Amino acid sequence: MRYSGIGGQAVIEGVMMRNADKYAVSVRTPEGTIETKVNRHKSLKDKYAFFGFPVIRGIVAFVESLTMGIQTLNYSAAIWEEEEEREEKEKADGKKTDGKKEKAEGLWMGLVVMLAVILAISLFVLLPFFVSELLSKSIRSIQLRGLIEGVIRVLLFVGYVKAISYMQDIKRVFMYHGAEHKCINCLENGHELTVENAKRQTTVHKRCGTSFMLVVMFVSILFFMFISLDNIWLRMVLRILLIPLVAGLSYEFIMFAGKSGSTVMAVLSAPGLWLQSLTTKEPDADMLEVAIASVEAVFDWKQFLKDGTEAAQTPQKPVKEKERQPSDFEVLEVDDEEDDEILKALDRYFDDEGKTAADGNEPK
(Lines give C-alpha, C1' and ligand atoms only; values in the text may rest on other atoms or scores of the structure.)
Protein backbone atom coordinates (compact mmCIF):
# COMPACT_ATOMS: atom_id res chain seq x y z
CA MET A 1 0.00 0.00 0.00
CA ARG A 2 1.39 3.40 -1.04
CA TYR A 3 0.90 6.39 1.25
CA SER A 4 -1.17 9.13 -0.41
CA GLY A 5 -1.25 11.79 2.29
CA ILE A 6 -4.97 12.46 1.93
CA GLY A 7 -7.46 12.12 4.75
CA GLY A 8 -10.96 13.15 5.57
CA GLN A 9 -14.16 12.58 7.47
CA ALA A 10 -17.81 11.89 6.89
CA VAL A 11 -20.35 14.70 7.18
CA ILE A 12 -24.13 14.85 6.82
CA GLU A 13 -24.88 13.28 3.42
CA GLY A 14 -21.34 13.87 2.29
CA VAL A 15 -17.58 13.57 2.68
CA MET A 16 -14.81 16.01 3.45
CA MET A 17 -11.37 15.27 1.99
CA ARG A 18 -8.17 17.10 2.83
CA ASN A 19 -4.83 17.17 1.03
CA ALA A 20 -1.98 19.51 1.96
CA ASP A 21 -3.48 23.01 2.37
CA LYS A 22 -6.76 22.28 0.52
CA TYR A 23 -9.92 20.61 1.72
CA ALA A 24 -13.19 19.95 -0.05
CA VAL A 25 -16.68 19.13 1.19
CA SER A 26 -18.92 17.24 -1.23
CA VAL A 27 -22.56 16.82 -0.28
CA ARG A 28 -25.50 15.11 -2.01
CA THR A 29 -28.18 17.81 -2.10
CA PRO A 30 -31.91 17.17 -1.59
CA GLU A 31 -32.28 17.52 -5.39
CA GLY A 32 -29.86 14.61 -5.92
CA THR A 33 -26.93 16.63 -7.28
CA ILE A 34 -23.44 16.78 -5.75
CA GLU A 35 -22.37 20.15 -4.39
CA THR A 36 -18.64 20.59 -3.72
CA LYS A 37 -17.00 23.43 -1.87
CA VAL A 38 -13.22 23.82 -1.85
CA ASN A 39 -11.35 25.87 0.76
CA ARG A 40 -7.77 26.40 1.78
CA HIS A 41 -6.41 25.95 5.27
CA LYS A 42 -2.78 26.56 6.12
CA SER A 43 -1.85 24.65 9.25
CA LEU A 44 0.20 26.14 12.05
CA LYS A 45 2.70 23.37 11.27
CA ASP A 46 3.34 25.02 7.90
CA LYS A 47 3.50 28.55 9.28
CA TYR A 48 5.80 27.96 12.24
CA ALA A 49 8.55 25.34 12.48
CA PHE A 50 7.94 24.85 16.21
CA PHE A 51 4.48 23.38 15.60
CA GLY A 52 5.97 20.82 13.23
CA PHE A 53 8.00 19.01 15.88
CA PRO A 54 6.93 15.44 16.80
CA VAL A 55 4.16 15.21 19.42
CA ILE A 56 3.52 18.99 19.16
CA ARG A 57 2.33 18.52 15.58
CA GLY A 58 -0.07 15.88 16.84
CA ILE A 59 -1.64 18.32 19.30
CA VAL A 60 -1.99 20.90 16.52
CA ALA A 61 -3.49 18.34 14.13
CA PHE A 62 -6.00 17.22 16.76
CA VAL A 63 -7.24 20.76 17.48
CA GLU A 64 -7.35 21.73 13.79
CA SER A 65 -9.16 18.52 12.82
CA LEU A 66 -11.74 19.08 15.54
CA THR A 67 -12.35 22.67 14.43
CA MET A 68 -12.47 21.81 10.73
CA GLY A 69 -14.72 18.83 11.43
CA ILE A 70 -17.33 20.93 13.17
CA GLN A 71 -17.18 23.57 10.42
CA THR A 72 -17.73 21.03 7.65
CA LEU A 73 -20.53 19.35 9.59
CA ASN A 74 -22.29 22.69 9.94
CA TYR A 75 -21.84 23.37 6.23
CA SER A 76 -23.31 20.00 5.23
CA ALA A 77 -26.22 20.50 7.62
CA ALA A 78 -26.92 23.93 6.14
CA ILE A 79 -27.29 22.45 2.66
CA TRP A 80 -30.11 20.28 3.92
CA GLU A 81 -32.07 23.19 5.34
CA GLU A 82 -35.25 23.94 3.50
CA GLU A 83 -34.81 26.34 0.60
CA GLU A 84 -37.23 28.86 2.06
CA GLU A 85 -35.31 29.05 5.33
CA ARG A 86 -32.03 29.51 3.47
CA GLU A 87 -33.47 32.29 1.32
CA GLU A 88 -34.89 34.06 4.37
CA LYS A 89 -31.53 33.90 6.10
CA GLU A 90 -29.74 35.29 3.05
CA LYS A 91 -32.20 38.19 2.80
CA ALA A 92 -32.02 38.91 6.52
CA ASP A 93 -28.22 38.87 6.60
CA GLY A 94 -27.66 41.03 3.50
CA LYS A 95 -24.31 41.98 2.05
CA LYS A 96 -23.59 44.68 4.62
CA THR A 97 -23.68 42.28 7.53
CA ASP A 98 -21.34 39.70 5.96
CA GLY A 99 -18.39 40.84 8.09
CA LYS A 100 -20.41 40.73 11.30
CA LYS A 101 -21.83 37.36 10.28
CA GLU A 102 -18.35 35.87 9.80
CA LYS A 103 -17.24 37.16 13.21
CA ALA A 104 -20.35 35.77 14.85
CA GLU A 105 -19.84 32.40 13.15
CA GLY A 106 -16.21 32.35 14.28
CA LEU A 107 -17.23 33.07 17.87
CA TRP A 108 -19.98 30.48 17.74
CA MET A 109 -17.57 27.91 16.31
CA GLY A 110 -15.10 28.57 19.11
CA LEU A 111 -17.82 28.07 21.72
CA VAL A 112 -19.00 24.85 20.09
CA VAL A 113 -15.45 23.42 19.99
CA MET A 114 -14.91 24.40 23.61
CA LEU A 115 -18.19 22.78 24.65
CA ALA A 116 -17.31 19.59 22.74
CA VAL A 117 -13.93 19.38 24.47
CA ILE A 118 -15.49 19.96 27.91
CA LEU A 119 -18.11 17.24 27.34
CA ALA A 120 -15.49 14.79 26.07
CA ILE A 121 -13.22 15.41 29.06
CA SER A 122 -16.13 15.10 31.49
CA LEU A 123 -17.39 11.85 29.99
CA PHE A 124 -14.18 10.02 29.12
CA VAL A 125 -11.68 11.42 31.65
CA LEU A 126 -13.36 12.69 34.79
CA LEU A 127 -16.23 10.18 35.03
CA PRO A 128 -13.98 7.07 34.89
CA PHE A 129 -11.61 8.73 37.36
CA PHE A 130 -14.28 9.39 39.99
CA VAL A 131 -15.83 5.94 39.50
CA SER A 132 -12.46 4.29 40.11
CA GLU A 133 -11.90 6.48 43.19
CA LEU A 134 -15.08 5.03 44.72
CA LEU A 135 -13.08 1.81 45.03
CA SER A 136 -10.28 3.45 47.02
CA LYS A 137 -11.37 1.87 50.32
CA SER A 138 -11.25 -1.66 48.98
CA ILE A 139 -8.37 -1.13 46.49
CA ARG A 140 -5.47 0.72 48.08
CA SER A 141 -3.14 0.63 45.07
CA ILE A 142 -3.34 3.83 43.02
CA GLN A 143 -1.82 2.00 40.02
CA LEU A 144 -4.48 -0.70 40.10
CA ARG A 145 -7.21 1.90 40.35
CA GLY A 146 -5.61 3.68 37.39
CA LEU A 147 -5.83 0.48 35.38
CA ILE A 148 -9.49 0.03 36.32
CA GLU A 149 -10.11 3.66 35.39
CA GLY A 150 -8.61 3.00 31.95
CA VAL A 151 -10.74 -0.09 31.40
CA ILE A 152 -13.87 1.89 32.35
CA ARG A 153 -12.82 4.63 29.90
CA VAL A 154 -12.43 2.18 27.02
CA LEU A 155 -15.75 0.49 27.82
CA LEU A 156 -17.50 3.86 27.95
CA PHE A 157 -16.07 4.88 24.60
CA VAL A 158 -16.95 1.61 22.87
CA GLY A 159 -20.42 1.67 24.44
CA TYR A 160 -20.97 5.25 23.30
CA VAL A 161 -19.98 4.43 19.71
CA LYS A 162 -22.17 1.33 19.73
CA ALA A 163 -25.17 3.25 21.10
CA ILE A 164 -25.06 6.07 18.54
CA SER A 165 -24.63 3.56 15.70
CA TYR A 166 -28.30 2.60 16.15
CA MET A 167 -29.46 6.12 15.25
CA GLN A 168 -30.67 6.29 11.65
CA ASP A 169 -28.92 9.58 10.81
CA ILE A 170 -25.67 8.35 12.34
CA LYS A 171 -25.92 5.13 10.33
CA ARG A 172 -25.85 7.16 7.13
CA VAL A 173 -22.87 9.18 8.38
CA PHE A 174 -21.08 5.88 9.09
CA MET A 175 -21.88 4.75 5.53
CA TYR A 176 -20.26 7.90 4.17
CA HIS A 177 -17.36 7.19 6.54
CA GLY A 178 -17.03 3.82 4.81
CA ALA A 179 -17.10 5.55 1.42
CA GLU A 180 -14.28 7.85 2.48
CA HIS A 181 -12.10 4.91 3.54
CA LYS A 182 -12.89 2.90 0.41
CA CYS A 183 -11.77 5.73 -1.86
CA ILE A 184 -8.49 6.25 -0.01
CA ASN A 185 -7.82 2.50 0.09
CA CYS A 186 -8.58 2.27 -3.63
CA LEU A 187 -5.88 4.82 -4.47
CA GLU A 188 -3.30 3.58 -1.99
CA ASN A 189 -3.73 0.06 -3.37
CA GLY A 190 -2.93 1.37 -6.85
CA HIS A 191 -6.37 1.25 -8.50
CA GLU A 192 -8.14 3.88 -10.59
CA LEU A 193 -10.68 5.80 -8.57
CA THR A 194 -13.99 4.52 -9.91
CA VAL A 195 -17.15 3.42 -8.14
CA GLU A 196 -16.59 -0.21 -9.16
CA ASN A 197 -12.98 -0.26 -7.94
CA ALA A 198 -13.88 1.49 -4.69
CA LYS A 199 -16.64 -1.03 -3.98
CA ARG A 200 -14.07 -3.82 -3.75
CA GLN A 201 -12.03 -2.05 -1.05
CA THR A 202 -12.28 -2.46 2.71
CA THR A 203 -14.05 0.11 4.88
CA VAL A 204 -11.25 0.25 7.48
CA HIS A 205 -8.02 2.24 7.44
CA LYS A 206 -5.11 2.49 9.87
CA ARG A 207 -5.10 6.31 9.92
CA CYS A 208 -8.76 6.60 10.90
CA GLY A 209 -9.84 8.98 13.66
CA THR A 210 -11.67 6.11 15.36
CA SER A 211 -8.37 4.24 15.74
CA PHE A 212 -6.77 7.45 16.97
CA MET A 213 -9.34 7.82 19.76
CA LEU A 214 -8.85 4.23 20.88
CA VAL A 215 -5.08 4.70 20.93
CA VAL A 216 -5.64 7.80 23.08
CA MET A 217 -7.55 5.60 25.53
CA PHE A 218 -4.74 3.05 25.78
CA VAL A 219 -1.93 5.63 26.00
CA SER A 220 -3.83 7.45 28.76
CA ILE A 221 -3.89 4.22 30.79
CA LEU A 222 -0.08 4.06 30.68
CA PHE A 223 0.24 7.70 31.72
CA PHE A 224 -2.48 7.94 34.37
CA MET A 225 -1.50 4.71 36.14
CA PHE A 226 1.76 6.31 37.28
CA ILE A 227 0.27 9.50 38.71
CA SER A 228 0.58 8.31 42.30
CA LEU A 229 -0.03 11.55 44.22
CA ASP A 230 -2.16 11.28 47.35
CA ASN A 231 -4.21 14.39 46.65
CA ILE A 232 -7.23 13.35 44.56
CA TRP A 233 -7.80 16.82 43.10
CA LEU A 234 -4.19 17.17 42.02
CA ARG A 235 -4.37 13.77 40.30
CA MET A 236 -7.51 14.94 38.48
CA VAL A 237 -5.89 18.20 37.32
CA LEU A 238 -2.80 16.35 36.08
CA ARG A 239 -4.99 14.06 34.01
CA ILE A 240 -6.53 17.04 32.25
CA LEU A 241 -3.14 18.72 31.71
CA LEU A 242 -1.67 15.55 30.21
CA ILE A 243 -4.40 15.18 27.57
CA PRO A 244 -2.51 17.22 24.90
CA LEU A 245 0.63 15.10 25.43
CA VAL A 246 -1.39 11.88 25.20
CA ALA A 247 -3.06 13.12 22.00
CA GLY A 248 0.30 14.10 20.49
CA LEU A 249 1.87 10.70 21.16
CA SER A 250 -1.21 8.90 19.85
CA TYR A 251 -1.03 10.93 16.65
CA GLU A 252 2.59 9.87 16.10
CA PHE A 253 1.60 6.23 16.55
CA ILE A 254 -1.31 6.47 14.10
CA MET A 255 0.81 8.19 11.44
CA PHE A 256 3.61 5.63 11.80
CA ALA A 257 1.14 2.74 11.71
CA GLY A 258 -0.49 4.14 8.57
CA LYS A 259 2.85 4.12 6.72
CA SER A 260 4.22 0.87 8.13
CA GLY A 261 3.60 -2.57 6.74
CA SER A 262 5.25 -4.49 9.57
CA THR A 263 3.53 -7.37 11.35
CA VAL A 264 4.04 -5.75 14.76
CA MET A 265 2.25 -2.56 13.72
CA ALA A 266 -0.52 -4.62 12.12
CA VAL A 267 -1.11 -6.39 15.45
CA LEU A 268 -1.04 -3.12 17.41
CA SER A 269 -3.45 -1.52 14.94
CA ALA A 270 -5.92 -4.43 15.09
CA PRO A 271 -8.08 -3.11 18.00
CA GLY A 272 -8.62 0.20 16.19
CA LEU A 273 -9.55 -1.57 12.96
CA TRP A 274 -11.99 -3.73 14.90
CA LEU A 275 -13.63 -0.65 16.42
CA GLN A 276 -14.01 0.81 12.93
CA SER A 277 -16.44 -2.00 12.21
CA LEU A 278 -18.82 0.05 14.37
CA THR A 279 -18.08 3.47 12.86
CA THR A 280 -17.96 2.45 9.19
CA LYS A 281 -20.67 0.78 7.15
CA GLU A 282 -20.91 -0.38 3.54
CA PRO A 283 -21.84 2.62 1.36
CA ASP A 284 -24.00 2.56 -1.75
CA ALA A 285 -22.86 3.70 -5.21
CA ASP A 286 -24.29 7.22 -4.73
CA MET A 287 -22.23 7.70 -1.58
CA LEU A 288 -19.06 6.54 -3.35
CA GLU A 289 -19.72 9.08 -6.10
CA VAL A 290 -19.84 11.85 -3.49
CA ALA A 291 -16.58 10.66 -1.90
CA ILE A 292 -14.88 10.48 -5.32
CA ALA A 293 -16.01 14.05 -6.10
CA SER A 294 -14.44 15.22 -2.85
CA VAL A 295 -11.15 13.44 -3.58
CA GLU A 296 -10.94 14.81 -7.11
CA ALA A 297 -11.45 18.36 -5.86
CA VAL A 298 -8.20 18.30 -3.85
CA PHE A 299 -6.09 15.42 -5.19
CA ASP A 300 -4.73 14.52 -8.65
CA TRP A 301 -5.15 10.77 -8.27
CA LYS A 302 -4.28 10.03 -11.90
CA GLN A 303 -0.85 11.61 -11.48
CA PHE A 304 -0.47 9.78 -8.16
CA LEU A 305 -1.09 6.41 -9.83
CA LYS A 306 1.16 7.33 -12.78
CA ASP A 307 4.03 8.21 -10.45
CA GLY A 308 3.56 4.93 -8.60
CA THR A 309 3.56 2.91 -11.84
CA GLU A 310 6.68 4.63 -13.16
CA ALA A 311 8.48 4.06 -9.88
CA ALA A 312 7.60 0.35 -9.96
CA GLN A 313 8.73 -0.05 -13.59
CA THR A 314 12.00 1.86 -13.25
CA PRO A 315 14.86 -0.68 -13.01
CA GLN A 316 17.10 -0.32 -10.03
CA LYS A 317 20.42 1.31 -10.75
CA PRO A 318 23.41 -1.00 -10.33
CA VAL A 319 25.25 -0.41 -7.12
CA LYS A 320 28.45 1.44 -7.80
CA GLU A 321 31.60 -0.13 -6.53
CA LYS A 322 33.06 1.79 -3.66
CA GLU A 323 36.14 3.72 -4.53
CA ARG A 324 39.25 1.97 -3.31
CA GLN A 325 40.43 3.52 -0.08
CA PRO A 326 44.14 3.86 0.63
CA SER A 327 45.40 1.14 2.96
CA ASP A 328 48.52 -0.61 4.11
CA PHE A 329 47.89 -3.46 1.67
CA GLU A 330 48.22 -3.14 -2.06
CA VAL A 331 45.90 -5.33 -4.12
CA LEU A 332 47.63 -6.58 -7.27
CA GLU A 333 45.60 -7.16 -10.39
CA VAL A 334 46.45 -10.51 -12.04
CA ASP A 335 45.35 -11.41 -15.54
CA ASP A 336 43.80 -14.78 -16.40
CA GLU A 337 47.01 -16.36 -17.83
CA GLU A 338 49.08 -15.46 -14.78
CA ASP A 339 46.30 -16.73 -12.56
CA ASP A 340 46.34 -20.13 -14.34
CA GLU A 341 50.12 -20.43 -13.99
CA ILE A 342 49.95 -19.74 -10.24
CA LEU A 343 47.24 -22.36 -9.74
CA LYS A 344 49.24 -24.97 -11.70
CA ALA A 345 52.37 -24.26 -9.63
CA LEU A 346 50.39 -24.69 -6.42
CA ASP A 347 49.00 -28.00 -7.66
CA ARG A 348 52.53 -29.30 -8.43
CA TYR A 349 53.75 -28.14 -5.01
CA PHE A 350 51.02 -29.96 -3.09
CA ASP A 351 51.48 -33.07 -5.25
CA ASP A 352 55.19 -33.13 -4.34
CA GLU A 353 54.39 -32.60 -0.67
CA GLY A 354 51.91 -35.47 -0.74
CA LYS A 355 54.45 -37.84 -2.27
CA THR A 356 57.09 -36.84 0.32
CA ALA A 357 54.72 -37.55 3.21
CA ALA A 358 53.78 -40.89 1.69
CA ASP A 359 57.50 -41.88 1.57
CA GLY A 360 57.81 -41.15 5.32
CA ASN A 361 60.15 -38.20 4.88
CA GLU A 362 59.79 -34.85 6.68
CA PRO A 363 58.33 -32.17 4.51
CA LYS A 364 60.78 -29.52 3.41
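Before reading on, note that the structure itself is shown above.
Residues numbered from 1 in each chain as written. Predicted model: local features only at pLDDT ≥ 70, side-chain atom pairs only at ≥ 80, totals over all residues. Heavy atoms only, no water.

Examining helix H8 (residues 209-224)
Its 16 residues place the ends of H8 22 Å apart at the C-alpha level, agreeing with the 22 Å of an ideal helix rising 1.5 Å per residue. Restricting attention to buried positions, one finds in H8 the residues Thr210, Ser211, Phe212, Leu214, Val215, Val216, Met217, Val219, Ser220, Ile221 and Phe224. (Helix = DSSP H or I, 4+ residues; strand = E, 2+ residues; numbered from the N terminus. Expected span 1.5 Å × (residues − 1). Buried < 20%, exposed > 50% of the residue type's maximum accessible area, 1.4 Å probe, protein only.)

Things to note about a nonpolar patch on the surface
Together, Leu123, Leu127, Val131 and Tyr160 give the surface a local cluster of nonpolar side chains, amounting to about 310 Å² of exposed area. With 3 residues, the top contributor of residues to the nonpolar patch is helix H4 (residues 98-133). In this structure, Tyr160 sits in helix H5 (residues 142-164). The exposure class of Tyr160 is partly exposed, given its relative accessible area of 41%. (Patch = residues over 30% accessible without salt bridge, like charges linked within 9 Å, V, L, I, M, F, W, Y side chains within 5 Å. Areas by Shrake-Rupley, 256 points an atom, 1.4 Å probe, with all protein chains shown as cover. Salt bridge = Lys/Arg side-chain N within 4 Å of Asp/Glu carboxyl O.)

A short note on the side chain of Ser165
Turning to its location among the elements, Ser165 is positioned in the loop between H5 and helix H6 (168-188). A distance of 2.5 Å separates the side chain of Ser165 from the backbone oxygen of Lys162, its partner in a polar contact. Setting aside chain neighbours within four positions, we find Ser165 in contact with Ile170, Lys171, Phe174 and Leu278. (Polar contact = N/O pair within 3.5 Å; in protein donor to acceptor, adjacent residues only side chain to side chain. Contact = heavy atoms within 4.5 Å.)

Quick word on the pairing of strand S4 (residues 34-40)
Sheet analysis places strand S3 (residues 22-28) next to S4, joined by 7 bridges and oriented antiparallel. Each residue of the ladder has a partner; that of Lys22, found in S4, is Arg40. From the end of S3 to the start of S4, which pair antiparallel, there are 5 residues, and Gly32 there has a positive phi angle of about 100 degrees. (Pairing = 2+ DSSP bridges.)

Side note on the packing of H6 against helix H12 (residues 285-298)
Running from amino to carboxyl end, H6 crosses H12 at an angle of 55 degrees, the nearest separation of the two axes being 9 Å. When the axes of H6 and H12 are compared, the pair comes out oblique. Note that H6 runs across H12; the crossing there is right-handed. Here Arg172, Met175, Tyr176, Ala179, Glu180, Lys182, Cys183 and Leu187 of H6 lie close against H12, whose contacting residues are Met287, Leu288, Val290, Ala291, Ile292 and Val295. Among the residues forming the contact of H6 with H12, the class breakdown is 11 nonpolar, no polar and 3 charged. (Axes fitted to C-alpha atoms, helices over the stretch in contact; angles between N-to-C directions. Parallel < 35°, antiparallel > 145°, perpendicular 65-115°, else oblique. Left-handed = near helix turned anticlockwise from the far one by under 90°. Nonpolar A, V, L, I, M, F, W, Y, C, P; charged D, E, K, R; others polar.)

Describing the packing of helix H2 (residues 56-79) against helix H10 (residues 243-259)
Packing of H2 against H10 leaves a shortest axis separation of 7 Å and a crossing angle of 100 degrees. Taken as axis vectors, H2 and H10 run roughly perpendicular relative to one another. Contacts between H2 and H10 involve Arg57, Gly58, Ile59 and Ala61 from the former and Pro244, Leu245, Gly248, Tyr251 and Glu252 from the latter. Looking at side-chain class alone, the contact of H2 with H10 contains 5 nonpolar, 2 polar and 2 charged residues.

Notes on the pattern of salt bridges
If charged atoms from side chains of opposite charge come close, those side chains can pair. Under the criterion given, the structure shown has 11 salt bridges. Notably, a salt bridge pairs Arg40 with Asp21, separated by 3.1 Å at the nearest N-O pair. In this pair, Arg40 is assigned in strand S4 and Asp21 in the loop between strand S2 (14-19) and S3, connecting sequence segments 19 residues apart. Exposure remark for Asp21: the relative accessible area of 30% places this residue in the partly exposed category.

Let's talk about the environment of Ser65
Relative to the helices and strands, Ser65 is located in helix H2. Classification of Ser65 as partly exposed rests on a relative accessible area of 40%. As a C-alpha pair, Ser65 and Gly8 span 57 residues in sequence and 9.2 Å in three-dimensional space.

Observations regarding the sheet that holds S4
Taken together, the 4 strands give an open sheet; going across it, the order is S1-S2-S3-S4, and neighbouring strands pair in antiparallel fashion. Either end of the sheet is taken by a strand with one partner, and the two such strands are strand S1 (7-11) and S4. Averaged over all pairs of adjacent strands, the angle between their axes in this sheet comes to 15 degrees, without regard to strand direction. Set on the sheet, H6 makes contact with S1, S2 and S3; between it and S1 the angle comes to about 160 degrees.

Quick word on the packing of aromatic side chains
By the definition in use, this model includes 9 aromatic pairs. With a centroid separation of 5.9 Å and an interplanar angle of 75 degrees, the aromatic rings of Phe124 and Tyr160 are classed as edge-to-face. Of this pair, Phe124 sits in helix H4 while Tyr160 sits in helix H5; the two residues are 36 residues apart in sequence, bridging distant segments of the chain. We classify Phe124 as buried; its relative accessible area is 11%. Through pairs of rings, three or more aromatic residues link up here, namely Tyr48, Phe50, Phe51 and Phe53. Directly above the aromatic system of Phe304 lies the positively charged group of Arg2, at a separation of 4.0 Å from the ring centroid. For the cation-ring pair, Lys259 lies above Tyr3, with the distance from its terminal atom to the ring centre recorded as 4.8 Å. (Phe/Tyr/Trp six-rings, centres within 6.5 Å; stacked < 30°, edge-to-face > 60°. Lys NZ or Arg CZ within 6 Å of the ring centre and 35° of its normal.)

That's the geometry; what it means functionally is another story.
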